[in-house]
Amino acid sequence: MRNSCGYSFVTLEPCLPYPAALHQLYYDPNIENKNLAQKWLMQAQVSPQAWHFSWQLLQPDKVPEIQYFGASALHIKISRYWSDIPTDQYESLKAQLFTQITRFASGSKIVLTRLCVALASLALSMMPDAWPCAVADMVRLFQAEDSPVDGQGRCLALLELLTVLPEEFQTSRLPQYRKGLVRASLAVECGAVFPLLEQLLQQPSSPSCVRQKVLKCFSSWVQLEVPLQDCEALIQAAFAALQDSELFDSSVEAIVNAISQPDAQRYVNTLLKLIPLVLGLQEQLRQAVQNGDMETSHGICRIAVALGENHSRALLDQVEHWQSFLALVNMIMFCTGIPGHYPVNETTSSLTLTFWYTLQDDILSFEAEKQAVYQQVYRPVYFQLVDVLLHKAQFPPDEEYGFWSSDEKEQFRIYRVDISDTLMYVYEMLGAELLSNLYDKLGRLLTSSEEPYSWQHTEALLYGFQSIAETIDVNYSDVVPGLIGLIPRISISNVQLADTVMFTIGALSEWLADHPVMINSVLPLVLHALGNPELSVSSVSTLKKICRECKYDLPPYAANIVAVSQDVLMKQIHKTSQCMWLMQALGFLLSALQVEEILKNLHSLISPYIQQLEKLAEEIPNPSNKLAIVHILGLLSNLFTTLDVSHHEDDHEGSELRKLPVPQGPNPVVVVLQQVFQLIQKVLSKWLNDAQVVEIHGILWEGIQNFPVSQEMLNQRTMMWLSDSQGSTFASETCLWSLFNSGFCCCCCSLRGNSGDAVCAIFEKSVKTLLDDFAPMVPQLCEMLGRMYSTIPQASALDLTRQLVHIFAHEPAHFPPIEALFLLVTSVTLTLFQQGPRDHPDIVDSFMQLLAQALKRKPDLFLCERLDVKAVFQCAVLALKFPEAPTVKASCGFFTELLPRCGEVEPVGKVVQEDGRMLLIAVLEAIGGQASRSLMDCFADILFALNKHCFSLLSMWIKEALQPPGFPSARLSPEQKDTFSQQILRERVNKRRVKEMVKEFTLLCRGLHGTDYTADY
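Residues numbered from 1 in each chain as written. Predicted model: local features only at pLDDT ≥ 70, side-chain atom pairs only at ≥ 80, totals over all residues. Heavy atoms only, no water.

Colleague: Which residues make up the overall build of the protein, and what values do they have?
Modeller: Across its full length, the protein holds 47 helices and zero strands. Considering the protein as a whole, with its 1017 residues, one finds that 55% of them fall into the buried category. Sequence-distant contacts in the protein: of pairs separated by 6 or more residues, those separated by 24 or more amount to 73%. Carbon and sulfur atoms form 51% of the exposed surface of the protein, whose accessible area is close to 44400 Å². (Helix = DSSP H or I, 4+ residues; strand = E, 2+ residues; numbered from the N terminus. Buried < 20%, exposed > 50% of the residue type's maximum accessible area, 1.4 Å probe, protein only. Contact = heavy atoms within 4.5 Å. Areas by Shrake-Rupley, 256 points an atom, 1.4 Å probe, with all protein chains shown as cover.)

This is how it looks when you write it as structure tokens:
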């Protein structure tokens, strides 16, 4: 089969030479031709012919791009298809690779590296048995004097090979048992590497390029968890190399990798020797900071943090050396407080933050007596840390900040969040004294008349309070009342400061709920900030927190809050998301008022939007009025989401519960919905085909599910009944159904796509929320779902049916309508299977979950004569072959529920006996390679269930099924199939063991057993 560009994908024989295909990949401007060439070349790399053409592509007359492809093909063949190489050709392949590496030692570096990687892969595959002294042989061969390549070239080639060898080991997918053997062999071989590296690094005549390569090689080897004491000489040499600017980066990387290896903490004496070396870098660090050398300061900080962070516990345990470790801690403190603003003037301080977490955890992990000693030493250090962090969190001067890019501002914001998290963590060590410390500093700053204070300093101190108050319970702190009293004294002339003031007030909203007398001190600030669009997020979120936490204490302020909120909403000061938050805040606020007050405020609040909606309902649908409609419906739905006059959501506990009595009168939310019902229906009728509008409409109706409602009101179409407040009864589920029965249900059945999903989502959430209280609606909802699903099958309808089965199917009173619905959706879905189910994997997925739930909660559903259990079984077998993993998992879940019912549900037992062999064949086909390996546990569950509940049938079926040659894979021998069947039949208790058997068998079927691909499988 050849394509228009001349490639044969069946034989992989090129109609164009490989260089032409590579030229097309690299230089052809046509992207389709590039993709075609890439696809062909990737297939060529793994083809048997790659063993031949790769050497040809390495010829000296080829350009580096072609040579690189040849070297890459060799690496792929060696690393992935090692089993294809005959044992007697190992030495020949090794010799060829050595020859090519020697030739490219003075040639293209990218080709040299790839050839070294190929030889490294070969060495790892041969070690330790076939090539026990691989590294020593490499060193000896490249040191030979008879090579045509000069000494420096041979040295660099050897160092490149030694560098990639550990890297290739780290990324290889050797089987676990082989990985341990090779690691042990490499650990022995480092005895041939480190003396060579020490000699080259300390030799004055070594060129800079060689010394840099030595450091990179050392950095690569230490990641094999070489004992730290064996690296001591090289680490010291690397510290000395830090004075050479050309070697600085490589030295830092080598030192950090050596210090950071997990096993290093065992070598405490070596670690103690490293502390003076690190402390000796302080002068170089100060010079770098003074000269603005960010790279040098960054590198030295990395070294100090690596030693402190990875080994703080081991060094803390060395009590006699506490002063040297404290000196290291102070050095890291200097790095934390390095001058300049992050990230413009410095990028070092952020590296140190995790060290302070680690040090604190290690100190607090000691037993009480030892912990007290270390607390005495390190508490002053952590108080100093708080001062440093708050200084680093300060905004730069306005004129400087104005020149920062948006990316720099975002990095600074994230940096401040990291500082906030650190301050919150430090509170665990410093406790209430930290809050007192911050309060004293803020008080002195705001009350001092000697010198003017900067807003940055004030903002940073407030930010510290906010960081702690957001996550720590400060309700019992004796400094919070003073802080609330100080906030109004702050002269706010800056957006950043105003934002922090707002967020700080929001963080203290729970405290305000317990101390309502202080609300009046801060609420005017929040309401004033609502009118500033630059403070949109902070002011609205703070008002929402206050209204949620303090709603029972807000009635005296309600009129003012509603008036200000209505004003900013009408002026469209805030973005859509903040408008939604503001409506939620008002919902919390109104929930605590009397019904008459709620209605009064609702009327003034939403009347303008109702008028606007009436106008929009008359217009022809277009994108502009769509946005307005979605916005208005969103505002109403967010308002109704939190306006809970029955106070379901209150989380107050104990004797201090201040819940208002449930109002005995019409629910305000339903009153509003009654007013706008016809209007919303009119809007909906014009936008039935728009998922977003219908979904928002669904959310709006969802808002009423938690509210008690007057049945009398639902039977009237005017507001005149409001004068009659006697005899009202409340039933939210009746309200919900009545509203839908009054016309909405008819619309639902004609919806398409996501719109029907939104309708089902309303009821699904209602069922989950109301649970047994939803019972009166079950017959009507079953009827509506049946009509919807018969018209347009949707996964959401099946999901809701599953919820009904789960909650109500076991109750005799509700079984008939649920059984009728179950039979209906099953019949419709089976018809869908006949028409071709592959286009509806979501429906099949939900259908399988429904069937599994039915078997789990009410197996009697499968006793009905009208249920075609045989067809259901066959459809589930078909679903096992779907390409979508979720659908396959759901189908497997159905069978694991069905098979245990063979004995108790006669129709199930009968169909398993008749068609169980079909199921087994489908499972074996999937294990044989037709399904993803990630799904093997699911198919193992089916095999386990068959073996446990249908043993006699399985023992007969499995032998028959595995008898045909080539099934389920041509790679299997009869012995392997027989072994698998015997293993499965013997294991009827341990499910985990069956899963291991299936994983092993599927690897054999796919020809992957023992390959790199399955090392971690």
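Colleague: An account of the packing of aromatic side chains is requested, with residue identities and associated values reported.
Modeller: Counted by the stated rule, this structure contains 20 aromatic pairs. Both rings, one in Tyr 401 and one in Trp 404, keep their centres 5.4 Å apart while their planes meet at 55°; by these two values the pair is tilted. Neither Tyr 401 nor Trp 404 differs from the other in exposure class; each is buried. Taken together, the ring pairs connect Phe 395, Tyr 401, Trp 404, Phe 412 and Trp 455 into an aromatic cluster. Positioned over the ring face of Tyr 463 is Arg 416, at 4.0 Å from the centre of the ring. Here the basic side chain of Arg 838 rests over the ring of Phe 882, its NZ or CZ set 4.9 Å away from the ring centre. (Phe/Tyr/Trp six-rings, centres within 6.5 Å; stacked < 30°, edge-to-face > 60°. Lys NZ or Arg CZ within 6 Å of the ring centre and 35° of its normal.)

Colleague: Residue-level account of the nonpolar core, with values.
Modeller: For soluble globular proteins, the rule of thumb is that nonpolar side chains tend to be buried together. Trp 221 and Tyr 378 are the most contacted members of the largest nonpolar core, which has 219 residues in total. When residues of this core are assigned to their parent elements, the largest contribution, twelve residues, is made by helix α6 (residues 109–126). In contact with Trp 221, not counting residues within four places along its chain, are Val 135, Leu 162, Leu 165, Pro 166, Leu 186, Cys 190, Val 193, Phe 194 and Val 226. Ranked by size, the runner-up nonpolar core spans 94 residues in total, among them Leu 785, Met 788, Leu 867 and Ala 926. (Core = buried A, V, L, I, M, F, W, Y, C linked by side-chain atoms within 4.5 Å.)

Colleague: Give me the lowdown on unusual backbone geometry, citing residues and values where you can.
Modeller: Cis rather than trans, the peptide bond between Met 127 and Pro 128 has omega equal to -5°. Locating Pro 128 in the fold gives a position in the loop between α6 and α7 (134–142). Here the bond from Tyr 342 into Pro 343 is cis, since omega is 0°, no more than 30 degrees from zero. Here Pro 343 shows up in the loop between α16 (322–336) and α17 (353–364). Here Glu 225, not a glycine, exhibits a phi torsion of approximately 60°, which is positive. Checked against the element boundaries, Glu 225 lands in the loop between α10 (208–221) and α11 (232–241).

Colleague: Lay out the confidence of the model for the protein with the relevant residues and their values.
Modeller: The share of residues in the protein with pLDDT of 70 or more is 84%, and the mean pLDDT across the chain is 83. Below a pLDDT of 50 lies the segment residues 697–771, which in the model reaches 173 contacts outside its immediate sequence neighbourhood of four places, other chains included. (pLDDT = per-residue confidence, 0-100.)

Colleague: So what's going on with a nonpolar patch on the surface? Residues and values would help.
Modeller: On the surface, Tyr 26, Tyr 27, Tyr 68 and Ile 110 cluster together into a nonpolar patch covering about 400 Å² of accessible area. The residue Tyr 27 is located in helix α1 (residues 18–27) in this model. Overall, the relative accessible area of 47% leaves Tyr 27 in the partly exposed class. (Patch = residues over 30% accessible without salt bridge, like charges linked within 9 Å, V, L, I, M, F, W, Y side chains within 5 Å. Salt bridge = Lys/Arg side-chain N within 4 Å of Asp/Glu carboxyl O.)

Colleague: How would you explain the environment of Leu 196 if you had to name every residue and give the values?
Modeller: Locating Leu 196 in the fold gives a position in helix α9 (residues 176–202). With 57 residues separating them along the chain, Leu 196 and Val 139 place their C-alpha atoms 8.8 Å apart. Leaving out residues up to four positions away in the same chain, Leu 196 has contacts with Val 139, Gln 143, Leu 158 and Leu 162.

Colleague: Report on α11, specifying residues and quantitative values.
Modeller: Two residues of an α-helix separated by three or four positions point the same way, owing to the 3.6 residues in each turn. Where burial is concerned, most of α11 is hidden: seven out of the ten residues are buried. Among all positions of α11, only Glu 232, Leu 234, Ile 235, Ala 237, Ala 238, Phe 239 and Ala 241 are buried. Where α11 is buried, its residues touch α9, α10, α12 (248–260), α13 (268–279) and α15 (294–316).

Colleague: Residue-level account of the side chain of Ser 969, with values.
Modeller: Among the secondary structure elements, Ser 969 is positioned in the loop between α45 (951–962) and α46 (974–986). Only 3.2 Å separates the side chain of Ser 969 from the backbone nitrogen of Arg 971, close enough to count as a polar contact. Excluding anything up to four places from it in sequence, Ser 969 contacts Gly 928 and Cys 1005. (Polar contact = N/O pair within 3.5 Å; in protein donor to acceptor, adjacent residues only side chain to side chain.)

Colleague: Just give me the short version of helix α28 (residues 555–570), but keep the residues and values in it.
Modeller: With 16 residues, α28 extends 23 Å from end C-alpha to end C-alpha; this agrees with the ideal 22 Å at 1.5 Å per step. Those residues of α28 not exposed but buried are Ala 558, Ile 561, Val 562, Ser 565, Gln 566, Val 568 and Leu 569. Of the surrounding elements, those touching the buried residues of α28 are α26 (519–529), α27 (536–549), α29 (576–591) and α30 (595–618). Within two residues after α28, Gln 572 carries a phi angle of roughly 55°, on the positive side. (Expected span 1.5 Å × (residues − 1).)

Colleague: Lay out the packing of helix α38 (residues 795–808) against helix α39 (residues 815–835) in plain terms, naming residues and giving numbers.
Modeller: The interhelical angle for the contact between α38 and α39, taken along N-to-C directions, is 150°, at an axis separation of 11 Å. Comparing the axis directions of α38 and α39 gives the class roughly antiparallel. α38 and α39 meet at a crossing whose hand is left-handed. Across the interface between the two elements, Leu 798, Thr 801, Leu 804, Val 805 and Phe 808 from α38 touch Ile 818, Leu 821, Val 825 and Thr 829 from α39. (Axes fitted to C-alpha atoms, helices over the stretch in contact; angles between N-to-C directions. Parallel < 35°, antiparallel > 145°, perpendicular 65-115°, else oblique. Left-handed = near helix turned anticlockwise from the far one by under 90°.)

Colleague: I'd love a proper account of the environment of Arg 286, names of residues and values included.
Modeller: Tracing the backbone through its elements, the reader meets Arg 286 in helix α14 (residues 282–290). In sequence terms Arg 286 and Ser 297 are eleven residues apart; their C-alpha atoms lie 8.0 Å from each other.

Colleague: An account of the pattern of salt bridges is requested, with residue identities and associated values reported.
Modeller: The full count for this structure, using the stated rule, is 29 salt bridges. Of the charged contacts, one joins Glu 232 and Lys 273 as a salt bridge, the two residues approaching to 3.1 Å between their closest N and O atoms. Placement of the pair is Glu 232 in helix α11 and Lys 273 in helix α13, with a sequence separation of 41 residues. Lys 273 gets classed as partly exposed once you look at its relative accessible area, which sits at 46%. Measuring nitrogen to oxygen at the nearest pair gives 3.8 Å for the salt bridge that ties Arg 901 to Glu 904. Looking at Arg 901, the relative accessible area reads 13%, which means it is buried.

Colleague: If you had to explain the packing of helix α41 (residues 869–879) against helix α42 (residues 885–898) to someone new, which residues and values would you point to?
Modeller: Following both chains from N to C, one finds α41 and α42 inclined at 140°, their axes separated by 8 Å at the closest point. The angle between α41 and α42 places the two elements in the oblique class. Remark: the crossing between α41 and α42 carries left-handed chirality. Contacts between α41 and α42 involve Val 872, Phe 873, Ala 876, Val 877 and Ala 879 on the former and, on the latter, Thr 887, Val 888, Ser 891, Phe 894, Phe 895 and Leu 898. Considering only residue class, the contact of α41 with α42 consists of nine nonpolar, two polar and no charged. (Nonpolar A, V, L, I, M, F, W, Y, C, P; charged D, E, K, R; others polar.)

Colleague: Residue-level account of the side chain of His 574, with values.
Modeller: Here His 574 shows up in the loop between α28 and α29. Among the residues examined, His 574 registers a relative accessible area of 7% and is labelled buried. Within polar-contact distance, the side chain of His 574 engages the backbone oxygen of Leu 530 at 2.9 Å. Within the structure, His 574 has its side chain in polar contact with the side chain of Ser 536 (distance 2.8 Å).

Colleague: Give me the lowdown on the environment of Leu 307, citing residues and values where you can.
Modeller: Among the structural elements, Leu 307 can be located in helix α15. Considering only alpha carbons, one finds Leu 307 and Ile 255, 52 residues apart in sequence, at a separation of 9.6 Å. What Leu 307 contacts, discounting residues up to four positions off in sequence, is Ile 259, Leu 271, Leu 274, Ile 275, Val 278, Ser 312, Leu 315 and Leu 328.

Colleague: Requested: an account of the state of the cysteines, with residues and values cited.
Modeller: Under the defined criterion, the tally for this structure stands at zero disulfides. Just so you know, Cys 301 is unpaired, no disulfide at all, and the nearest cysteine sulfur is the one on Cys 335, 3.8 Å from it. Assessed through its relative accessible area of 0%, Cys 301 is described here as buried. No disulfide involves Cys 902; its sulfur sits 3.7 Å from the nearest other cysteine sulfur, which is in Cys 950. Taking relative accessible area as the criterion, Cys 902 reaches 16% and is therefore assigned buried. (Disulfide = S-S within 2.5 Å.)

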